[in-house]
Amino acid sequence: MCIRDRYMGVSAANLLNGETSQKSKVGRVAAQLMKEGELVPDEMMIQLVEARLNQSDCKVNGWVLEGFPKTEGQMNMLKGMKQVPSLVVVLQIDDDIVYERHEYKKIDPITGEVYSLKGTTLPIEEETLARLVSRDCDQHEIVKKRLKSWKEFLPKLEETYKDRRLSLNAEKTVKVLVESISEAVENPVYQLLLKKNSI
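Residues numbered from 1 in each chain as written. Predicted model: local features only at pLDDT ≥ 70, side-chain atom pairs only at ≥ 80, totals over all residues. Heavy atoms only, no water.

### Considerations on the pattern of salt bridges
Point 1. By the definition in use, this model includes 10 salt bridges.
Point 2. The shortest N-O distance in the salt bridge between E38 and K145 comes to 2.5 Å. Of this pair, E38 sits in the loop between α2 (25-35) and α3 (42-53) while K145 is found in helix α8 (residues 140-160), placing the two residues 107 residues apart along the sequence.
Point 3. Note that R131 is salt-bridged to D108, the shortest N-O span being 2.8 Å. On the criterion of sequence distance, the pair formed by R131 in helix α7 (residues 126-131) and D108 in the loop between β4 (105-107) and β5 (114-116) is long-range, its members being 23 residues apart.
Point 4. R131 sits in the partly exposed class, given a relative accessible area of 23%. (Salt bridge = Lys/Arg side-chain N within 4 Å of Asp/Glu carboxyl O. Helix = DSSP H or I, 4+ residues; strand = E, 2+ residues; numbered from the N terminus. Buried < 20%, exposed > 50% of the residue type's maximum accessible area, 1.4 Å probe, protein only.)

### Here's the deal with the packing of helix α1 (residues 12-22) against α2
Point 1. Viewed as axis vectors pointing N to C, α1 and α2 meet at an angle of 115°, and their least axial separation amounts to 7 Å. Here α1 lies roughly perpendicular to α2, going by the angle between them. Both α1 and α2 take part in a crossing whose hand is left-handed. Along its contact with α1, which presents L16, E19 and T20, the element α2 presents V26, G27, A30, A31 and M34. (Axes fitted to C-alpha atoms, helices over the stretch in contact; angles between N-to-C directions. Parallel < 35°, antiparallel > 145°, perpendicular 65-115°, else oblique. Left-handed = near helix turned anticlockwise from the far one by under 90°. Contact = heavy atoms within 4.5 Å.)

### Brief notes about the packing of aromatic side chains
What describes a pair of aromatic rings is the distance from one ring centre to the other and the angle between the planes of the rings.
Point 1. Summed over all chains, the structure comprises 1 aromatic pair.
Point 2. Summarising the aromatic geometry, the rings of W150 and F153 are spaced 5.9 Å apart at their centres and angled 65° between planes, so their arrangement reads as edge-to-face. Note that W150 and F153 are positioned in helix α8 at a spacing of 3 residues, about one turn of the helix.
Point 3. You can call W150 partly exposed: its relative accessible area is 29%.
Point 4. Its relative accessible area of 4% is what places F153 among the buried residues. (Phe/Tyr/Trp six-rings, centres within 6.5 Å; stacked < 30°, edge-to-face > 60°.)

Quick look at the structure:
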């Protein structure tokens with residue numbers, strides 16, 4: 001998600017999907033680990049993220065990094081790159097809703113586009129709908145395992161970025177979430193309040 005199309009969106013998941021699609025060495029390792037519900041090694045992830053953030057479009061426009069860091073090692077490596085986010089957004093949501101969203105999540109194996117088959121208002125062509133498949137990493141037990149890992153790491157993330165952390169209810173609409181994040185990014189007063197831990 002690029003806030004008002006101003007920043008470059010960098011998704012850790014998309015970086016991995018790109019590697020798996022190309023069947024690179026990293027992609028083959030990542031595909032097997034994700035199938036088993038394991039995290040990709042920190043060193044491998046940081047190489048992908050660092051290479052992307054060092055590209056000229058990210059340097060010129062800034063970036064919105066999604067799905068990274070997910071471990072303390074990744075967080076420390078991000079610091080080592082001297083990449084300091086101006087804002088860290090934590091999306092909060094009940095586990096049951098997380099499971100439900102993954103249950104209805106499908107992917108187009110040809111385009112890589114991800115669809116939600118519940119509550120979507122987007123028209124999906126019959127030809128596309130017929131070829132959608134579920135991913136191994138969206139199975140309940142795999143999601144449960146990843147949630148457990150995330151919850152163990154979350155307190156460390158929140159403590160490290162406590163002066164620039166914004167927590168939001170992820171059950172709100174995308175429009176509302178984007179507006180809230182945009183306000184936090186672009187309003188200097190909002191930034192000041194964050195640093196004072198007033199909100």
